[in-house]
Amino acid sequence: MDFFEAAYRGRPPWDIGRPQKEFAALARQGEITGPVLDIGCGTGDNALFFAGEGYEVLGIDAAPAAIGKARKKAAGRPGVQFLVLDARDLPTLDRTFGTVTDCGFFHTLSDEDRPGYVKNLESVLPSGGNYFMLCFSELEPGGYGPRRVTQAEIRDSFRDGWIIRYIRPAVFEANTRAEGSRAWLSSVARE
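Residues numbered from 1 in each chain as written. Predicted model: local features only at pLDDT ≥ 70, side-chain atom pairs only at ≥ 80, totals over all residues. Heavy atoms only, no water.

Asker: What's the story with the state of the cysteines in this structure? I'm lost.
Answerer: For the structure shown, the criterion picks out 0 disulfides. Lacking any disulfide linkage, Cys41 is separated from the closest cysteine sulfur, that of Cys103, by 11 Å. Considering cysteine sulfurs only, Cys135 is the nearest to Cys103, which forms no disulfide, with 10 Å between them. Residue Cys103 is classed as buried on the basis of its relative accessible area, which comes to 14%. (Disulfide = S-S within 2.5 Å. Buried < 20%, exposed > 50% of the residue type's maximum accessible area, 1.4 Å probe, protein only.)

Right, dumping it as structure tokens:
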């Protein structure tokens, strides 16, 4: 069984039962524009938050168990849909979004998979569209969790056809660590 499908049969550490504070702050600061695509949405907390803020939202995840839980949470709530879809298949959506959010997907990709993923993002983000990514930072000590990502790796991945607005220190919240983990929050726009 796939690691993520198995994780969602229980409660994985990243499923905190509410939106990540970093993404809620983006909405409060007016950085989110609709419609929103939430990549690797898990059980939907970020997507549901954005929908509650009035945005049309599509959440995707490759784990059917995660999408099943997200759909249950969304029952009767307008403005949000959930779809089982691998984030490497974004062109099949055949639509664009003002904002794409990624909470913990990028840091699961191998070095070889990153260029294809970034290319796929181009199919869903028009010129001026925004991509916000929260990923584990190399400043977080090892021993648990996903691979760490450096600012240089982020800059290298988005060097052609993208504008990096900022990469700043952030916290990736978890239900197993009250202090969370050191992360990068990146704001990247299509040229």
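Moving on, there is more to tell.
Asker: How should the nonpolar core be read in this particular structure?
Answerer: One recurring pattern in soluble globular proteins: nonpolar side chains tend to sit buried together. Counting residues in hydrophobic clusters, the biggest one holds 28 residues, and the most contacted among them are Leu37, Ile39, Val100, Tyr117, Leu121, Tyr131 and Phe158. Within the residue set of this core, elements represented by two or more residues are strand S1 (36-39), strand S2 (57-61), helix H5 (114-122), strand S5 (130-136), strand S6 (162-172) and strand S7 (181-190). Here Phe158 is in contact with Phe106, Val118, Leu121, Tyr131, Met133, Ile164 and Val188, once residues within four sequence places are set aside. (Core = buried A, V, L, I, M, F, W, Y, C linked by side-chain atoms within 4.5 Å. Helix = DSSP H or I, 4+ residues; strand = E, 2+ residues; numbered from the N terminus. Contact = heavy atoms within 4.5 Å.)

Asker: What is the right way to look at the sheet that holds S5 in this model?
Answerer: Judged by pairing direction, the sheet is mixed, and its 7 strands sit side by side in the order S3-S2-S1-S4-S5-S7-S6 without closing on themselves. Where the open sheet ends on each side, the last strands, each with one partner, are strand S3 (80-84) and S6. Going from strand to strand, the sheet's axes swing by 15° on average, the running direction of each strand aside. In the sheet, S1 pairs with strand S4 (residues 99-103) via 4 bridges, with the strands oriented parallel. Directly across from Val36, in S4, lies its bridge partner Thr99. (Pairing = 2+ DSSP bridges. Axes fitted to C-alpha atoms, helices over the stretch in contact; angles between N-to-C directions.)

Asker: Can you walk me through the pairing of S1 in this structure?
Answerer: Put simply, side chains in a regular strand alternate between the two faces of the sheet. Side chains Val36 and Asp38 project from S1 onto one buried face, and the interleaved Leu37 and Ile39 project onto a second face that is buried too. In terms of strand pairing, S1 meets S2 through 4 bridges, oriented parallel. Bridging across to S2, Ile39 finds its partner in Ile60.

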